[in-house]
Amino acid sequence: MPPMTASPLPVILDGDPGLDDAIAWLLALASPEDVRVLGVTTVHGNVGLHLTTHNAGVTLALAGAQVPVYAGADRPLVRTALTAPEVHGDHGLPAGHLPEPTCAPATEHAVNFIIRAVRERPGEVTLVATGPLTNVALAFRLAPELPRLLREVVWMGGSTGQGNRTPAAEFNALADPHAAKIVLESGAMLRMFGLNVTLQAIATPERVERLRVLGNRAGTVSAELLTAYAAFYRQRYGLPGGALHDPVAVAAVLRPDLFRMQALNVQVETQEGLNFGRTVCDLYGVTGQPANVQVGLQLDDAAFFGLLFERLARLP
Ligand code: BDR
Ligand code: CA
């Protein structure tokens, strides 16, 4: 990870809200001492692009934030599109009484915005990607210098072990494995937070209740989203609540000290078949290939939730 600086880090939030993307973005938007959100960029994923873009506007309205939204890729590079309505509902944000976006999305494409914003601040920008990596890969193809101009990419995706959408593959990796391959092979500074670590961030009923009683709309809506989410996690995984996958990636930018990391060689399977979309992490160095990713292995979950409660309490 690059050395920390005193002033807030300029970040771009790229994702597919999606209820955990929305909570991740609320966490970032509530943390102006740590990050300055230059823009949010949307991608296909949990729901279609028109919905992720609408939900981006809803999330910004929830945070009371004036940040531009840029719509990006509406489909993966090669494979057919994948969505996750069983986890995020048909619209991506399963809660009532959500505010309407206060601004229309910008006309500039997300990929062009990412390239422009990074070129304007060489070495400074952190790209937090919490969805399929299609926008990031397209930006790297259009502007091959981008990987070295970025401060780092922080990605929620993949796993050192078991998948979730298939036994082998995590959703974001499986939703665009060819894009993930471009990013993994790009030479960009990359931190990856896969299921092996995000499944340590479980929103138990007690933690959801802490959000509900924060006394603000951000807390109430987050609690409502996580209650809908918990039913799926209980039934599918036997867990006491949903995993806050995407907020873990934002927390890694705000508080890198909460994690144990290891530099590993990581590759992704792009051949269709049982292992399609699997991130193959060389934990024991058996391939002799150089490390290309700092991989999250362990999280201080109590401190993570403490951070989430403290920051979300600041929002409207
Ligand atoms: C990831 O997949 C999506 O459904 C979530 O938003 C998260 O980014 C977890 O596998
Ligand atoms: Ca996501």
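What counts, and at which threshold
- Residues numbered from 1 in each chain as written.
- Chains lettered and ligands numbered in written order.
- Predicted model: local features only at pLDDT ≥ 70, side-chain atom pairs only at ≥ 80, totals over all residues.
- Heavy atoms only, no water.
- 1 Å grid on protein atoms, 1.4 Å probe; cavity = no way out; pocket = protein on both sides within 12 Å on 5 of 7 lines; lining within 4 Å.
- Points joined across faces, edges and corners; volume = space filled by probe spheres on them.
- Helix = DSSP H or I, 4+ residues; strand = E, 2+ residues; numbered from the N terminus.
- Nonpolar A, V, L, I, M, F, W, Y, C, P; charged D, E, K, R; others polar.
- Donors = N, O, S within 2.8 Å, 3.2 Å for Na, K, Ca; no water.
- Buried < 20%, exposed > 50% of the residue type's maximum accessible area, 1.4 Å probe, protein only.
- Near = heavy atom within 4 Å.
- Polar contact = N/O pair within 3.5 Å; in protein donor to acceptor, adjacent residues only side chain to side chain.
- Areas by Shrake-Rupley, 256 points an atom, 1.4 Å probe, with all protein chains shown as cover.
- Sits in = over half its atoms within 2 Å of the grid points.
- Axes fitted to C-alpha atoms, helices over the stretch in contact; angles between N-to-C directions.
- Parallel < 35°, antiparallel > 145°, perpendicular 65-115°, else oblique.
- Contact = heavy atoms within 4.5 Å.
- Pairing = 2+ DSSP bridges.
- Core = buried A, V, L, I, M, F, W, Y, C linked by side-chain atoms within 4.5 Å.

Once that is clear, we can look at the layout of surface pockets. Where empty space is left can be seen by rolling a probe of water-molecule size over the atoms. Looking at the largest pocket, its volume works out to about 230 Å³. Around the largest pocket, the lining is made up of 22 residues, and of these Asn 46, Val 87, His 88, Asn 164 and Phe 171 lie nearest the centre. Going through the elements one at a time, helix 1 (19-29), helix 3 (85-88), helix 7 (171-175), helix 11 (217-237) and helix 12 (245-254) are the ones with two or more residues in the lining of the largest pocket. Across the lining of the largest pocket, the residue classes tally to eight nonpolar, six polar and eight charged. The volume enclosed by the second largest pocket comes to roughly 160 Å³. In terms of lining, the second largest pocket is formed by Lys 181, Leu 184, Glu 185, Asn 265, Val 266, Gln 267, Val 268, Gln 289, Pro 290, Ala 291 and Asn 292. Within the residue set of the lining of the second largest pocket, elements represented by two or more residues are helix 8 (177-184) and strand 10 (266-268). Top element by residues in the lining of the second largest pocket is strand 10. It accounts for three residues. The residue inventory of the lining of the second largest pocket, partitioned by class, reads five nonpolar, four polar and two charged.

Attention now moves to the coordination of the calcium ion (ligand 2). Protein-derived coordination of the calcium ion (ligand 2) comes from Asp 16 (OD), Asp 21 (OD), Asp 21 (OD), Thr 130 (O) and Asp 246 (OD), at a distance range of 2.2 to 2.5 Å. Within one chain, the residues donating to the calcium ion (ligand 2) are spaced in sequence as D-x4-D-x108-T-x115-D. With Asp 16 in the loop between strand 1 (9-15) and helix 1 and Thr 130 in the loop between strand 4 (126-129) and helix 5 (134-142), this residue pair connects regions lying 114 residues apart in the sequence. Both residues of the pair, Asp 16 and Thr 130, count as buried.

A few words now on unusual backbone geometry. That bond from Pro 17 to Gly 18 is cis: its omega, -5 degrees, falls within 30 degrees of zero. Along the chain, Gly 18 falls in the loop between strand 1 and helix 1. For His 97, which is not a glycine, the phi torsion comes out positive at approximately 50 degrees. Counting through the fold element by element, His 97 comes out in the loop between helix 3 and helix 4 (110-120).

Once that is clear, we can look at the site of ligand 1. For ligand 1, the set of nearby residues contains 13 residues, the closest of which are Asp 20, Asn 46, Asn 164, Glu 170 and Asp 246. Note that an oxygen atom of ligand 1 is positioned 3.1 Å from one of the side-chain N or O atoms of Asp 21. Look at ligand 1: alone it shows 280 Å² of surface, and the protein chains cover 96% of it. Applying the majority rule of atoms within 2 Å of the grid points places ligand 1 in the largest pocket. Elements supplying a minimum of two residues to the shell around ligand 1: helix 1, helix 7 and helix 12. Class assignment of the residues belonging to the shell around ligand 1 gives a composition of three nonpolar, six polar and four charged.

This brings us to the packing of helix 12 against helix 13 (residues 301-312). Taken N-terminus to C-terminus, the directions of helix 12 and helix 13 make an angle of 90 degrees; their axes are 11 Å apart at the nearest point. Classified by the interaxial angle, the pair formed by helix 12 and helix 13 is roughly perpendicular. Each of Pro 247, Val 248, Ala 251 and Leu 254 in helix 12 lies in contact with helix 13, whose residues at this interface are Phe 304, Leu 307 and Arg 311. Among the residues forming the contact of helix 12 with helix 13, the class breakdown is six nonpolar, no polar and one charged.

A separate point is the sheet that holds strand 12 (residues 293-299). Spatial ordering of the open sheet is given by 3-2-1-4-5-6-12-9, a layout of eight strands whose pairing is mixed. Whereas interior strands pair on both sides, the edge strands pair on one side only; in this sheet they are strand 3 (69-71) and strand 9 (259-264). The sheet shows a mean angle of 25 degrees between the axes of neighbouring strands, taken without regard to direction. Where strand 4 lies against strand 5 (residues 152-156), four bridges are found, and the strand directions are parallel. Opposite Ala 129, over in strand 5, you have Trp 155 as the bridge partner.

We now examine the nonpolar core. In a soluble, globular protein the nonpolar side chains are often hidden away together inside. Counting 72 residues, the largest nonpolar core has Val 40, Leu 226, Leu 244, Phe 259 and Phe 304 as the members making the most contacts within it. In terms of residue count, the dominant contributor to this core is helix 1 (nine residues). Residues in contact with Phe 259, not counting those within four places in the same chain, are Phe 193, Val 197, Val 248, Ala 251, Ala 252, Gln 298 and Leu 299. One finds Leu 127, Leu 146, Ala 173 and Ala 188 within the second-largest nonpolar core, a separate group that totals 40 residues.

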